[in-house]
Amino acid sequence: MAEPLLSAQGLVKRFGGLLATDNVSIEVMPGEIHALIGPNGAGKTTLVSQLTGNLRPDSGSIRFAGRDVTRLPLHARVRLGLARSFQITAVLRDFTALDNVALAVQAHDGHSFRFLADVRADRRLRDSARRGLEAVGLQARAETLASALSHGEQRQLEIAMALAGEPRLLLLDEPMAGMGPEESQRLVGMLRNLKSRCGMLLIEHDMDAVFALADRITVLVYGRAIASGTPDQIRGNAQVRQAYLGEEVA
Ligand SMILES: Nc1ncnc2c1ncn2[C@@H]1O[C@H](COP(=O)(O)OP(=O)(O)OP(=O)(O)O)[C@@H](O)[C@H]1O
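Basis of the calculations
Residues numbered from 1 in each chain as written. Predicted model: local features only at pLDDT ≥ 70, side-chain atom pairs only at ≥ 80, totals over all residues. Heavy atoms only, no water. Pairing = 2+ DSSP bridges. Helix = DSSP H or I, 4+ residues; strand = E, 2+ residues; numbered from the N terminus. Axes fitted to C-alpha atoms, helices over the stretch in contact; angles between N-to-C directions. Contact = heavy atoms within 4.5 Å. Buried < 20%, exposed > 50% of the residue type's maximum accessible area, 1.4 Å probe, protein only. Expected span 1.5 Å × (residues − 1). Arc of directions from axis to C-beta. Near = heavy atom within 4 Å. Polar contact = N/O pair within 3.5 Å; in protein donor to acceptor, adjacent residues only side chain to side chain. Nonpolar A, V, L, I, M, F, W, Y, C, P; charged D, E, K, R; others polar. Salt bridge = Lys/Arg side-chain N within 4 Å of Asp/Glu carboxyl O.

- Looking up the protein chain in an unreviewed UniProt entry gives the name Branched-chain amino acid transport system ATP-binding protein, with the organism given as Enhydrobacter aerosaccus.

## Remarks on the sheet that holds strand S9 (residues 216–221)
Thinking step 1. Strand order across the open sheet formed by 6 strands is S6-S7-S8-S3-S9-S10, with mixed pairing between neighbours. The sheet is open, and its two edges are formed by strand S6 (82–85) and strand S10 (224–229), each paired on a single side. Averaged over all pairs of adjacent strands, the angle between strand axes in this sheet comes to 20°, irrespective of strand direction.
Thinking step 2. When strand S3 (residues 33–37) meets strand S8 (residues 199–203), the two strands line up parallel, connected through 4 bridges. Looking at the pairing, Ile 33 lines up with Met 200 of S8.
Thinking step 3. Sheet strands in contact with helix H1 (residues 44–52) are S3, S6, strand S7 (169–173), S8 and S9, and its direction is about 145° off that of S6.

## Describing the environment of Thr 45
Thinking step 1. When you line up the elements, Thr 45 lands in helix H1.
Thinking step 2. Taking relative accessible area as the criterion, Thr 45 reaches 41% and is therefore assigned partly exposed.
Thinking step 3. Along the primary structure Thr 45 and Glu 174 are separated by 129 residues, whereas in three dimensions their C-alpha atoms are 9.9 Å apart.
Thinking step 4. Each residue touching Thr 45, except ones within four places of it in the same chain, is listed here: Arg 84, Asp 173 and Ile 203.

## Side note on helix H5 (residues 123–135)
Thinking step 1. Its 13 residues place the ends of H5 18 Å apart at the C-alpha level, agreeing with the 18 Å of an ideal helix rising 1.5 Å per residue.
Thinking step 2. Within H5 the residues assigned to the buried category are Leu 125, Arg 126, Ser 128, Ala 129, Gly 132 and Leu 133. Seen from one end, H5 has its buried residues packed into an arc of 160°, which puts them on one side. The exposed residues of H5 that point more than 90 degrees off its buried face are Arg 123 and Arg 131.
Thinking step 3. Looking at the residues trailing H5, positive phi occurs at Gly 137, about 75°.

## Here we look at the site of the ligand
Thinking step 1. Near the ligand, the surroundings consist of Phe 15, Leu 18, Ala 20, Pro 39, Asn 40, Gly 41, Ala 42, Gly 43, Lys 44, Thr 45, Thr 46 and His 205.
Thinking step 2. Residue Asn 40 places a side-chain N or O atom 3.2 Å away from an oxygen atom belonging to the ligand.
Thinking step 3. Between the ligand and His 205, the relevant distance is 3.1 Å, taken from an oxygen atom to a side-chain nitrogen or oxygen of the residue.
Thinking step 4. Counting residues per element, the shell around the ligand draws most heavily on H1, which supplies 3 residues.
Thinking step 5. Its residues placed into classes, the shell around the ligand shows 5 nonpolar, 6 polar and 1 charged.

## Looking at the pattern of salt bridges
Thinking step 1. Under the defined criterion, the tally for this structure stands at 10 salt bridges.
Thinking step 2. The salt bridge partner of Asp 99 is Arg 126, with a shortest N-O separation of 3.3 Å. In this pair, Asp 99 is assigned in helix H3 (residues 97–108) and Arg 126 in helix H5, connecting sequence segments 27 residues apart. Here Asp 99 matches Arg 126 in class, with each residue buried.

## Comments concerning the pairing of strand S4 (residues 59–64)
Thinking step 1. Both strand S1 (residues 6–15) and S4 contribute to a ladder of 5 bridges, which runs antiparallel. Note that in S4 the partner of Val 12 across the bridge is Ser 59.
Thinking step 2. Here S4 runs beside strand S5 (residues 67–68); their pairing, made up of 2 bridges, is antiparallel. Each residue of the ladder has a partner; that of Arg 63, found in S5, is Asp 68.
Thinking step 3. Linking two consecutive strands that pair antiparallel, namely S4 and S5, is a turn of 2 residues; a positive phi of about 50° is found at Ala 65 within it.

Have a look at this one:
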């Protein structure tokens, strides 16, 4: 069997007396979409922050792309191919969609900031940025200012920016938040298409999206992973239904 792309074992994180991550283990295989679900305050963001290197676990270990990254800082994990959308990227509202992705490609290339004029003149950067926009279905909006994009399109743009570094694993923090049903359906289709490019760990409250996309789901409640399995296994798990899902996915 292939080695997991990401494997976290026995993570523990305390905030004072609060056990926000209680001995959690989680894996993501290459090309897998693994969803992390749970009620508000369950510890999803705290867990993902330890995976990215924003937070240091009190104990436990994290392997990514064949290396122990537990003690590596965020930027070193990014270099190994770990990208977090909506956190490491910031859309510049007065720039076009294409300029935004081109700047992200340039940043991932390891260049310090150059003038936008350079980015606009650099054919390779722009070609690469166009491919990024295409991957998220935003090619027709390349010359549109980011501020004129719809909420859903801005989210697509953020994902295109996260893809600029050609990550092996994309961590997505509530990408469907604030979207209407049509927009979130479009994003589901787009994320499904991205599976061939990278694995994904998806935090999401929209259960329709989670059950449509995930190969595997882990359920966190009060910092503990109470279940992990295929969507069918999670749907049929009595403990999960009682603790979280209720009749939502009946
Ligand atoms: N920096 C911090 N200091 C103290 N407590 C924190 C800190 N960050 C998170 N917490 C607490 O840890 C618990 C888990 O929070 P976390 O944000 O990880 O949950 P979540 O599952 O992501 O919630 P949501 O779905 O609402 O985003 C909560 O009780 C929260 O108040």
